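# Tertiary structure, described
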Amino acid sequence: MAQIQVQHQGHVSGPSGVAAAAGAGGANQFVTTSLYVGDLDFEVTDSQLYDLFNNVGQVVSVRVCRDLSTRRSLGYGYVNYSNPQDAARAMELLNFTPLNGKTIRVMYSHRDPSIRRSGSANIFIKNLDKAIDNKALHDTFSSFGNILSCKIATDPSGQSKGYGFVQFDNEESAQNAIDKLNGMLINDKQVYVGQFLRKQERDSALNKTTFNNVYVKNLSESTTEEDLTKIFGEYGPITSAAVMRDGDGKSKCFGFVNFENADDAANAVEALNGKKNDDKELYVGKALKKSERELELKSRFEQTAKEAVDKFQGLNLYVKNLDDSIDDDKLKELFSEFGTIVSCKVMRDPSGISRGSGFVAFSTSEEASRALGEMNGKMVVSKPLYVALAQRKEERRAKLQVSYNIGKNLLV
């Protein structure tokens, strides 16, 4: 394992020195019997995972998570113990141990994914020495509190990219780590330690460029250039104000105001956006170029589409070869034994006749995986069901293209 040294006020210390600087240690606040095991070699099996963790305590169940369609390992799994003491001991003893020659990461499993996705108490560390691995990073930051996850970013060859992430179970621990380690020399390199920002938040920060031209919409039809000048002139000198009009001179209810300096423009946006004028709530923001508007709209659309897909990724099953007598209620009844069904729909043509296919979405990927394994090929009203992971049209086309190319190469 890589060694890590933190230089603090003229002397060098290992993790114990950091603990002293941090004050209180991070006692575990979770009472759970379930562990998440990450960074698994793709060849690791359920039985290997069981043998390793059963040496520590009585294992109730293990599972290496796999792709629903290819059954290839996803590189992580879960181990459940009969009591929390064994789970805690396993995490302490087996975290960062090698399995099939690859160092594994062991953390408590949290059923509520919103904790991880929220980014709460998550910190970002950059300018790290390339020799620092997950264990070294974990050892350094664990003295500030209980760690939910810890990861060094790596390239495809496994080499460190020089930055990583640590998520604590509370904001106080995260802030304490930032206060104590930001700007410190770790392995003779000055590191940056700060709050983690999602991509949208980083993009937003980057987009906070200075501007002089302000866009105003939701104006009343009676608003004139003089009115705009009067309203916005309170925030600084204005070089121009225009209300956009159609060919007949009728207001389009939006316009532009240009300030002499950017600070006044920013203050006007801050003060007037959302403010009511003539009983209408104004929108006031930075005036965007056409290319910027298109980029923003594209980004919003892609984000909305991604969120919709991610919401049901690995949860939605496609079912076909359904008997004509199967409706939404009967389809739900068939699959309900495998878990909580979020949505269930039999596809029909415009005249209401069943197309013989449908979709069933579960609340967890584990439920969907179990349903797929049990229901695919099962005889229902004398017809064998075909059940598979639902895919987007683009994914289906890509797979068909790959199959076509392989077939073509075999014929050559």
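Residues numbered from 1 in each chain as written. Predicted model: local features only at pLDDT ≥ 70, side-chain atom pairs only at ≥ 80, totals over all residues. Heavy atoms only, no water.

## Brief notes about the overall build of the chain
Looking only at helices and strands, the chain has 13 helices and 26 strands in total. Counting across all 412 residues of the chain, residues that qualify as buried make up 35%. Considering only residue pairs separated by 6 or more positions, the chain has 62% of its internal contacts joining residues 24 or more positions apart. Just so you have it, the chain exposes about 24,000 Å², and 50% of that area is on carbon and sulfur atoms. (Helix = DSSP H or I, 4+ residues; strand = E, 2+ residues; numbered from the N terminus. Buried < 20%, exposed > 50% of the residue type's maximum accessible area, 1.4 Å probe, protein only. Contact = heavy atoms within 4.5 Å. Areas by Shrake-Rupley, 256 points an atom, 1.4 Å probe, with all protein chains shown as cover.)

## Considering the sheet that holds strand E17 (residues 251-259)
Ordered in space as E16-E17-E15-E20, the four strands form an open sheet in which the pairing is antiparallel. With partners counted over all chains shown, the strands left at the sheet margins are strand E16 (238-245) and strand E20 (283-286), one partner each. Mean inter-strand twist for the sheet, computed between neighbouring axes without regard to direction, equals 20°. In the sheet, strand E15 (residues 213-217) pairs with E20 via four bridges, with the strands oriented antiparallel. Each bridged residue has a counterpart across the sheet, and for Val-214 the counterpart in E20 is Lys-286. (Pairing = 2+ DSSP bridges. Axes fitted to C-alpha atoms, helices over the stretch in contact; angles between N-to-C directions.)

## Let's talk about the pattern of salt bridges
Counted by the stated rule, this structure contains seven salt bridges. Between Asp-39 and Arg-105 there is a salt bridge, and its shortest N-O distance comes to 3.0 Å. Placement of the pair is Asp-39 in the loop between strand E3 (34-38) and helix H2 (46-54) and Arg-105 in strand E8 (residues 105-108), with a sequence separation of 66 residues. The two residues Asp-39 and Arg-105 agree in class, both being buried. Judged by relative accessible area, Asp-39 falls into the buried class, the value being 15%. Connected via shared salt-bridge partners are Asp-39, Arg-105 and Lys-151. (Salt bridge = Lys/Arg side-chain N within 4 Å of Asp/Glu carboxyl O.)

## Re helix H3 (residues 84-94)
Taken as a whole, H3 has its buried residues at Asp-86, Ala-87, Ala-90, Met-91 and Leu-94. Seen along its axis, H3 keeps its buried residues to an arc of 135°; they face one direction. Exposed and oriented more than 90 degrees from the buried face of H3 are Gln-85, Glu-92 and Leu-93. Turning to H3, the residues buried within the fold contact E3, H2, strand E5 (73-81) and E8. Its side-chain oxygen placed 3.1 Å from the backbone nitrogen of Gln-85, Asn-83 serves as the N-cap of H3. Positive phi shows up at Phe-96, right after H3, with a value of about 70°. (Arc of directions from axis to C-beta. Polar contact = N/O pair within 3.5 Å; in protein donor to acceptor, adjacent residues only side chain to side chain.)

## Section: unusual backbone geometry
Unlike most non-glycine residues, Asn-100 shows phi in positive territory, near 55°. Considering the arrangement of structural elements, one finds Asn-100 in the loop between strand E6 (98-99) and strand E7 (102-103). On the basis of relative accessible area, Asn-100 is assigned to the partly exposed category, the value being 38%. The backbone phi angle of Ser-382 is positive, close to 65°, even though this residue is not glycine. Turning to its location among the elements, Ser-382 is positioned in the loop between strand E24 (379-380) and strand E25 (383-384). We classify Ser-382 as exposed; its relative accessible area is 63%.

## Regarding the environment of Asn-316
When you line up the elements, Asn-316 lands in strand E21 (residues 316-320). Between the alpha carbons of Asn-316 and Leu-389 there is a distance of 6.3 Å; along the sequence they are 73 residues apart. Non-local contacts of Asn-316, meaning those with residues more than four positions away in its chain, are made with Phe-359, Val-360, Ala-361, Ala-388, Leu-389 and Ala-390.

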